[in-house]
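Structure at a glance
So the chains spell out like this:
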Amino acid sequence: TAPAPAAVAPQAVPAKIALIEYEQVAAATNERQRALQELQKKYEPKKTQLQALAQEIDTLKKQLQSAPATMSDEDRASRARAIDTKEKQLQRDSDDASTAYNSDVQDELAKVAKKLGPTVVKYVQENGYTMLLNNTGQQGGLDVMWTIPGTDISQAIVDAYNATSGVAALPPPAPSPTNRPRTTAAPKKP
């Protein structure tokens, strides 16, 4: 018979614990932001198509509401059925587009999250952490109530990943009439 393996005695080590919000970190990377922008461009034609159908439905409703009282009940019912059919089509198309878009968004997030792992491990090892906790804030996840400043490494991980990914940050949005900086005029001299 083989001798029993020697029991390994537990040992205390100085703890250095860090927190991360892993999914939010993956979402905040330049790579994920760029992928999200590309997805929005991809779905823009469908969005335009849905908006046009919604506008068509509104127009048909207004036409039916303003139809002359002399319109026959049969014609009125026919137009109402046509509107109902278009509304159902709009709802189905909207649901399908939303499902497809959300699926693509989650797929992109999963790709980045998978690629993010080695950066997280490297950062934790290089900075001497003994434990890393994922603060998801969701049921079943770790819900950290309080921590001292400096233990959340989420932004440091985003910065480290962005530095190694080779994906540049998105340019700031162009000023539009609604987000232009306001300037104040100099007071008039009397």
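This structure is a prediction, so every number in the text was calculated from the model and none was measured. (Residues numbered from 1 in each chain as written. Predicted model: local features only at pLDDT ≥ 70, side-chain atom pairs only at ≥ 80, totals over all residues. Heavy atoms only, no water.)

1. Remarks on the overall build of the protein chain
When its secondary structure is counted, the protein chain shows four helices and two strands. Listed N to C, the secondary structure of the protein chain is β-α-α-α-β-α in terms of helices and strands. The buried share of the protein chain, reckoned over its 190 residues, is 22%. Taking as baseline every contact in the protein chain between residues at least 6 positions apart, the subset at least 24 positions apart corresponds to 83%. (Helix = DSSP H or I, 4+ residues; strand = E, 2+ residues; numbered from the N terminus. Buried < 20%, exposed > 50% of the residue type's maximum accessible area, 1.4 Å probe, protein only. Contact = heavy atoms within 4.5 Å.)

2. Digging into the confidence of the model for the protein chain
Across the protein chain, the average pLDDT comes to 83, with 78% of residues at 70 or higher. Helix 2 (residues 30-65) holds the highest mean pLDDT among the elements of the protein chain, 94, whereas strand 2 (residues 131-134) holds the lowest, 83. Low pLDDT (under 50) marks residues 182-190, which in the prediction has zero contacts with non-local residues, meaning those over four places away or in another chain. (pLDDT = per-residue confidence, 0-100.)

3. Brief notes about the side chain of Thr29
As for its position among the elements, Thr29 is in the loop between helix 1 (22-28) and helix 2. Under the relative-accessibility criterion, Thr29 is labelled buried at 0%. Contact partners of Thr29, with chain neighbours within four places excluded, come to Val112, Val158, Tyr161 and Asn162.

4. Overview of the packing of aromatic side chains
Counted by the stated rule, this structure contains one aromatic pair. Cation over ring: Lys16 sits above Tyr129, and NZ or CZ is 4.7 Å from the ring centre. (Phe/Tyr/Trp six-rings, centres within 6.5 Å; stacked < 30°, edge-to-face > 60°. Lys NZ or Arg CZ within 6 Å of the ring centre and 35° of its normal.)

5. Some details on the nonpolar core
Soluble, globular proteins show a tendency: their nonpolar side chains are buried together. Within the largest apolar cluster, 16 residues are counted, with the highest numbers of intra-cluster contacts made by Leu116, Ile153 and Ile157. Put simply, the parts of the chain that give this core at least two residues each are strand 1 (17-20), helix 1, helix 3 (73-126) and helix 4 (154-165). At seven residues, the largest contribution of residues to this core is made by helix 3. Residues contacting Ile157, with those up to four places away along its chain left out, are Ile20, Val25, Leu116, Thr119, Val120 and Tyr123. (Core = buried A, V, L, I, M, F, W, Y, C linked by side-chain atoms within 4.5 Å.)

6. A closer look at the pattern of salt bridges
Using the criterion set out here, one finds eight salt bridges in the structure. The salt bridge partner of Lys42 is Asp104, with a shortest N-O separation of 3.0 Å. Remark: Asp104 occurs in helix 3 and Lys42 occurs in helix 2; sequence separation between them is 62 residues. On the accessibility criterion, Asp104 (19% relative accessible area) is buried. The salt bridge partner of Lys111 is Glu108, with a shortest N-O separation of 3.5 Å. Separated by three residues within a single helix, Lys111 and Glu108 lie in helix 3, roughly one turn from each other. According to the relative accessible area criterion, Glu108 is partly exposed, its value standing at 22%. (Salt bridge = Lys/Arg side-chain N within 4 Å of Asp/Glu carboxyl O.)

7. With respect to the packing of helix 2 against helix 3
Contact pair helix 2 / helix 3: the axes reach a minimum separation of 10 Å and the direction vectors enclose 175°. As summarised for this structure, helix 2 and helix 3 are arranged roughly antiparallel, according to the angle between their axes. The residue inventory of the contact of helix 2 with helix 3, partitioned by class, reads 19 nonpolar, three polar and 14 charged. (Axes fitted to C-alpha atoms, helices over the stretch in contact; angles between N-to-C directions. Parallel < 35°, antiparallel > 145°, perpendicular 65-115°, else oblique. Nonpolar A, V, L, I, M, F, W, Y, C, P; charged D, E, K, R; others polar.)

8. What about the environment of Ile153?
Relative to the assigned elements, Ile153 resides in the loop between strand 2 and helix 4. Exposure remark for Ile153: the relative accessible area of 3% places this residue in the buried category. Considered as a pair, Ile153 and Tyr22 are 131 residues apart in the sequence and their alpha carbons are 9.9 Å apart. Once residues lying within four places of it in the same chain are set aside, the contact partners of Ile153 are Ala18, Leu19, Ile20, Tyr123, Val124, Tyr129 and Leu132.

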